[in-house]
Amino acid sequence: MQITPVRFILTAFIGLVLVVSSCTRPDQSIGLELQPEGDLLSASQTDTISLTAFTIPEDSLRSDELSLSLLGNYVDPLLGYTSASFYTQIRISANSLDFGDLSNIEVDSLVLNLVYGGESYGINSDQVYQVYEVDEDIIIDTSYYTSSSVTIKQQNLAANSNPVHFDVNDYIQLANDSVPPSIRIHLDPSWATDFFLPESGGDNLEDNTAWIDFFKGIYVRSNTPNASVMSIDVRNSFSNLTMYYRDMNGATADTTEFQFLINDLCARFNHIDHLYGGNISALEVQDAVDADPYVYVQAGASVKTRISFPYLEDLTNVDGLVVNAAELIVPAQPDLFGHYNNQEKLFLRLREDDGDPLLLPDEVTFNFSIGGEYDEETHDYRFKIPRFIQQVLSGEIENQSIYLVSNLSGISVRRVVLSGPSVSDSDSSQNMRLILTHTRSAL
């Protein structure tokens, strides 16, 4: 059942904690949490400031040349379906490649090795992966977003449709190397025989400029509907495409390998799709979902939380009110399923008319920390926002909504379940709330 957030009447709070004077009201001033403790001995606190909270869709986010790529699909019982895939260029590891007499070259296998980046979100199980050749230029330093895509060719280069086994703790021994936990996708070796080797000694293998113009890159995705989304460290030297082959051009057969590289010189970007379901399925047809009584934040351009203080300006009607501190407290719910770890940090942001996020004034103040880290003991996120409150009450900025967003951007799909303002009518500590510390100035 959806519960409308309780709206406490600000004037009732004022009547309880303040004595309204008939003197002329002086200019309002707000402390910046810098006063000595002795100056606040007569201060009072309230957590009954009215606020509202909604879950809303996140805008598409920049996802090019990030530190991690994302791969996989999972169904979140609360938020719905998430799919993550990535596009990347592949570079050759040497110039002027010439493999000699190709009739004496036999390709044994072709393996795409993707090193695990440290996070598996969802149910970790084997997945079927697909790899396609990109049919459009990917340009480094060009802006690509989580909603971006480029055209691909229709042939799946993966050698078979068997699930690929992966263990987050399993190091792989290859020749003399101990390779970090990796997804190893076997590609059809005939691609190397028919596509790559015929270019031996030619212009397309002269250097990487020529090669990337000839071969645009690959697109990698999972074909398993519900498993996990894993981070991939494509910048790790063990993330590569390796061709294992026998070279019989000499007196004896030489079993060797050639590596195509994936590194920071490669243009690449993540593509992430969300199909809202569960508690936020209404987002498929509307712009916001009221706290039910919970709200949600999910990385990967999924959802964020919008918070508003509809009656905040009423504080300006109180003679002599001085707000010394303002702290937004957002309790987080534990993971009930065992697969969805909370985020270690959240950000607060403003929005401009053009939709670009802006920092709160508290975050651009020297030597002041707004907070936002998850507290393992109190199980909440806390944000100090006195300067935001100050500028609203002084009229420097409008009383606009603020947004709780993930700090993980396009490199994760982690989510967190947050208390809205109406989880409990009897215990305010369970609710999202704004705590104001205030005093009265002499009139």
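Before reading on, note that the structure itself is shown above.
Anyway, here's the lowdown on the structure attached to this text.

Reading the values: the criteria
- Residues numbered from 1 in each chain as written.
- Predicted model: local features only at pLDDT ≥ 70, side-chain atom pairs only at ≥ 80, totals over all residues.
- Heavy atoms only, no water.
- Buried < 20%, exposed > 50% of the residue type's maximum accessible area, 1.4 Å probe, protein only.
- Helix = DSSP H or I, 4+ residues; strand = E, 2+ residues; numbered from the N terminus.
- Pairing = 2+ DSSP bridges.
- Core = buried A, V, L, I, M, F, W, Y, C linked by side-chain atoms within 4.5 Å.
- Contact = heavy atoms within 4.5 Å.
- Arc of directions from axis to C-beta.
- Phe/Tyr/Trp six-rings, centres within 6.5 Å; stacked < 30°, edge-to-face > 60°.
- Lys NZ or Arg CZ within 6 Å of the ring centre and 35° of its normal.

## Concerning the pairing of strand E28 (residues 433-440)
The buried fraction of E28 amounts to seven of the eight residues, a majority that puts the element mostly inside the structure. Note that strand E21 (residues 321-331) and E28 share eight bridges and pair antiparallel. Residue pairing in the sheet places leucine 321 in a bridge with arginine 440 of E28.

## Some details on the pairing of strand E12 (residues 182-187)
In terms of burial, E12 is a largely internal element, five of the six residues being buried. Across six bridges, the pairing between strand E7 (residues 105-122) and E12 is antiparallel. In the sheet register, leucine 110 faces E12, and the bridge partner there is leucine 187.

## Notes on the nonpolar core
If you look at the biggest cluster of nonpolar residues, it comprises 40 residues, and the most contacted ones within it are Leu114, Ile183, Phe196 and Met243. Looking at this core element by element, the count peaks at six residues for E7. The contact partners of phenylalanine 196, leaving out residues within four places of it in the chain, are Leu97, Phe99, Trp191, Leu205, Trp211, Met243, Phe258 and Phe260. Core analysis: the second largest hydrophobic core is formed by 37 residues, Ile307, Val323, Ala332 and Leu404 among them.

## Things to note about helix H2 (residues 189-196)
Looking at H2, one finds that the buried residues are Trp191, Ala192, Phe195 and Phe196. One side of H2 carries all its buried residues, which in axial view fall inside an arc of 100°. Those residues of H2 that are buried lie in contact with E7, strand E8 (129-134), helix H3 (208-214), strand E15 (240-247) and strand E16 (254-261).

## Regarding the packing of aromatic side chains
For the structure on display, the rule yields 21 aromatic pairs. Between tyrosine 87 and tyrosine 219 the ring centres are 4.3 Å apart and the planes differ by 25°, which places this aromatic pair in the stacked class. Of this pair, tyrosine 87 sits in strand E5 (residues 80-88) while tyrosine 219 is found in strand E13 (residues 218-222), placing the two residues 132 residues apart along the sequence. Taken together, the ring pairs in this structure connect Phe99, Trp191, Phe195, Phe196, Trp211, Phe214, Phe215, Tyr245, Phe258 and Phe260 into an aromatic cluster. Here lysine 304 stacks its cationic end above the ring of tyrosine 403, 5.1 Å away from the centre of that ring.

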